[in-house]
Amino acid sequence: MAMLDTLHRWTGGFLGLILALLGLTGAILIHRDTWIMLPHAGDAPVQTTQFLAATTERLMANPAARPQSITFANADLGLDRLDFGKGAGAYTDQAGTIVSQWQSQWARPELWLFDLHHHLLSGDTGETIIGIAGVAGLVFVLTGTILWWRTRKTFAFRPLPKRLSRPAILRHHRDLGIVAAPLLILSLLTGATLVFRPISALYLGPNAPAAIDAALRTPKGPRVALAPHLDWQGMIVAARARFPDAELRSLSLPRKGSGLVTIRMRRPQECLPNGRTTLWFAADDGRLIGARDAASLSPVVTVYNMLYPLHAAKIGGLGYRLVMTLSGVVLGLLGTLSVWSFWFKRPGRSKFRPAR
């Protein structure tokens, strides 16, 4: 137990601030669509095929000002979002008129907070660090539960420490942690799995990572350059004809030389906000190359697709958003006080030696 306690305290002392940062930024981002206070942000989404086709044509017609992707309005945000790459982007109303534009992600708090939460503003390296911190957080919950069991008879729930002394902080940390353990496990497990897909093998079966990779892999398309003019309206019409019950969610230009224009749609049975129903069109002439129906995915992949909605509270309405907000705040509080008590409230050595 002494070794377990030492490991728990020392690891928490170094990773506590990262976990606190993830918890607090996550709690804020859960509500990000509600604080984008721009004109038309509260508009109801329009999903008629001809309207979407005309808007897409308007936004993509000019090769010199063409965004790399369009994310269409939904029930939470009545604006389309354009991504021009390198941090530049814009919000438009659903007819394609720009209501806000920026050249750097620092101009929009929801963008740099998202990058901070997902990548620590450091790209793939930051994402890896976040994944490691998430796994460590799960270990903290497990070891903390074991250590709490010894002192369970002194349990007393307090939202905040009674005082900022080391004993009071440790007792608060122990008791608040055991109460919040189920929520913390949900947040940390879903987040860590989204970064490190092999973790899914622990609860979805040993073959889950390979099955997920195979099911979600982008097909090989023709290695062709993007034509200056394509029938964007025709792509939207073809996508809706293929999946008439699906909501159009995004359109993306080819990435990494794939030669494929990607359209993502969300069918009624899908929990993932942008859906996993996908169509691919050739970048040179706009012909349909392939399509993936989310309804045909295996149960393992369907469960995997639920991780992000669970993690980001994209299901369950306001009640679940508040629950996950609480999870983030508690993680922030536990992480911050762990670092404070470890580095600044460590017991000092006595100045006087005991008499012999």
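Below: a short report on this structure. Note that this is a predicted model, so its numbers are computed, not measured. (Residues numbered from 1 in each chain as written. Predicted model: local features only at pLDDT ≥ 70, side-chain atom pairs only at ≥ 80, totals over all residues. Heavy atoms only, no water.)

### Some points on the overall build of the chain
Step number 1: Within the chain one finds eleven helices and eight strands.
Step number 2: Based on the C-alpha atoms only, the size of the chain along its principal axes is roughly 90 × 45 × 35 Å.
Step number 3: The buried share of the chain, reckoned over its 356 residues, is 44%.
Step number 4: Pairs at least 24 residues apart make up 59% of the contacts formed inside the chain by residues separated by at least 6 positions.
Step number 5: Entry remark: accessible area of the chain is about 18500 Å², with carbon and sulfur atoms responsible for 63%. (Helix = DSSP H or I, 4+ residues; strand = E, 2+ residues; numbered from the N terminus. Buried < 20%, exposed > 50% of the residue type's maximum accessible area, 1.4 Å probe, protein only. Contact = heavy atoms within 4.5 Å. Areas by Shrake-Rupley, 256 points an atom, 1.4 Å probe, with all protein chains shown as cover.)

### What to know about the side chain of glutamate 247
Step number 1: With respect to the element layout, glutamate 247 can be found in strand β5 (residues 247-252).
Step number 2: Those residues within four positions of glutamate 247 in sequence are excluded, and the remaining contacts are Gln47, Ala73, Asn74, Arg240, Arg264, Met265 and Arg266.

### A short note on helix α3 (residues 109-119)
Note: α-helices contain 3.6 residues per turn, so residues at a spacing of three or four share the same orientation.
Step number 1: Residues Glu110, Leu111, Leu113, Asp115, Leu116 and His117 constitute the buried set of α3.
Step number 2: Elements that come into contact with the buried residues of α3 comprise α1 (2-29), β2 (80-85), β3 (88-92), β4 (98-102), α4 (123-149) and α10 (307-312).
Step number 3: At the C-terminal side of α3, leucine 120 shows a positive phi close to 55 degrees.

### Quick word on the sheet that holds β3
Step number 1: Taken in spatial order, the eight strands line up as β4-β3-β2-β1-β5-β6-β7-β8 in an open sheet, and their pairing is antiparallel. Every interior strand has two partners, whereas the edge strands, β4 and β8 (288-292), have only one. Pairs of neighbouring strands in the sheet enclose a mean axial angle of 20 degrees, with direction left out of account.
Step number 2: Bridging between strand β7 (residues 277-282) and β8 involves four bridges; their strand directions are antiparallel. Paired with leucine 279 across the bridge in β8 is alanine 291. (Pairing = 2+ DSSP bridges. Axes fitted to C-alpha atoms, helices over the stretch in contact; angles between N-to-C directions.)

### Some details on the packing of aromatic side chains
Step number 1: Taken as a whole and assessed by the stated rule, the structure comprises eight aromatic pairs.
Step number 2: Clustering of aromatic rings is evident, with ring pairs tying together Trp10, Phe14, Phe342 and Trp343.
Step number 3: The lysine or arginine in question, arginine 152, covers the ring of tryptophan 149, its NZ or CZ lying 4.0 Å from the ring centre. (Phe/Tyr/Trp six-rings, centres within 6.5 Å; stacked < 30°, edge-to-face > 60°. Lys NZ or Arg CZ within 6 Å of the ring centre and 35° of its normal.)

Nothing here speaks to function; it is all geometry.
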